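Summary of structural features
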Amino acid sequence: GINNFLVNLPAYEKIKENAFFVSFQPVHNIFLLIAAETGIVGLTFFLWFLLKTFKKNQFQTSDFKFQILAMVLILGLFDHYFLTLQQGQLLFAFVLGFCWS
């Protein structure tokens, strides 16, 4: 379920040292993190929403909204902070709201 990926991660990790000193991190990809926490249904809904956002705006590559959304999605391939940190969630919501306005 949602927010249970990191909680259950120690059960699947084989740690030879003291687990107190090991810091667990979620997967550094927002698409894989959504798939791990919500399953295929949640990932499908998320991708459908992004596709609907792109179709609604009929983006041109020189459009500022397209560039901002593309930058957030490309950064989301390499880091999870758009889903796990409050500042990242606010930024992601702002970008999506900007695209839908």
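Residues numbered from 1 in each chain as written. Predicted model: local features only at pLDDT ≥ 70, side-chain atom pairs only at ≥ 80, totals over all residues. Heavy atoms only, no water.

1. Comments concerning the overall build of the chain
Heads up, the condition is: Here a strand is any run of E in DSSP of at least two residues, a helix any run of H or I of at least four, and the numbering for each starts at the N terminus. Computation of the radius of gyration draws on C-alpha atoms alone. For the globule rule, the value is 2.2 Å times the number of residues to the power 0.38. The criterion used for residue contact is that any of the two residues' heavy atoms lie within 4.5 Å.
Within the chain, the regular secondary structure consists of 5 helices and 0 strands. The C-alpha atoms of the chain give 16 Å as radius of gyration, which overshoots the globular expectation for 101 residues (13 Å, by more than 25%). Here the C-alpha coordinates of the chain stretch approximately 50 × 25 × 20 Å along the principal axes. Sequence-distant contacts in the chain: of pairs separated by 6 or more residues, those separated by 24 or more amount to 52%.

2. Details of the confidence of the model for the chain
Just so we agree on the cut-off: A residue's pLDDT is the predictor's confidence in that residue, given on a scale from 0 to 100.
Predicted confidence across the chain gives a mean pLDDT of 85, with 91% of residues reaching 70 or more. At the level of individual helices and strands, the chain shows its lowest average pLDDT in helix 1 (residues 5–12), which scores 75, and its highest in helix 5 (residues 86–100), which scores 93.

3. Describing the packing of helix 3 (residues 64–76) against helix 5
Here is the rule we go by: The convention used is that axes are lines fitted to C-alpha atoms, helices contributing only their stretch in contact, and that angles between N-to-C directions extend from 0 to 180 degrees. Throughout this description, any angle smaller than 35 degrees is read as roughly parallel, any larger than 145 degrees as roughly antiparallel, any in the 65 to 115 degree range as roughly perpendicular, and the remainder as oblique. Each crossing gets its hand from how the near helix is turned against the far one by less than a right angle, where anticlockwise is left-handed and clockwise is right-handed. In this classification, the charged set is Asp, Glu, Lys and Arg, the nonpolar set is Ala, Val, Leu, Ile, Met, Phe, Trp, Tyr, Cys and Pro, and all remaining amino acids, among them Gly, are polar.
Where helix 3 meets helix 5, the closest approach of the two axes is 10 Å, and the angle between their N-to-C directions is 150°. By the angle between their directions, the pair helix 3 and helix 5 is classed as roughly antiparallel. Helix 3 and helix 5 meet at a crossing whose hand is left-handed. Where helix 3 abuts helix 5, its residues Phe64, Lys65, Ile68, Leu69, Val72 and Leu73 lie against Phe92, Val95, Leu96, Phe98 and Cys99. Of the residues in the contact of helix 3 with helix 5, the class split is 10 nonpolar, no polar and 1 charged.

4. Some points on the packing of aromatic side chains
The condition that has to hold: Aromatic rings from Phe, Tyr and Trp, with only the six-membered ring used for Trp, were paired whenever their centres fell within 6.5 Å, and each pair was classed as stacked if the ring planes differed by under 30 degrees, edge-to-face if by over 60, and tilted otherwise. Think of it in three bands: residues with accessible area under 20% of the maximum for their type are buried, residues over 50% are exposed, and the middle band is partly exposed, with areas taken using a 1.4 Å probe on protein chains only.
This structure, assessed with the given rule, holds 9 aromatic pairs. Both rings, one in phenylalanine 49 and one in tryptophan 100, keep their centres 5.8 Å apart while their planes meet at 15°; by these two values the pair is stacked. Pair noted here: phenylalanine 49 is in helix 2 (residues 30–57) and tryptophan 100 is in helix 5, with a separation of 51 residues, a long-range link. Its relative accessible area of 28% is what places phenylalanine 49 among the partly exposed residues. The interplanar angle of 35° and the centroid separation of 4.6 Å between the aromatic rings of tyrosine 81 and phenylalanine 82 together place this pair among those described as tilted. Taking relative accessible area as the criterion, tyrosine 81 reaches 26% and is therefore assigned partly exposed.

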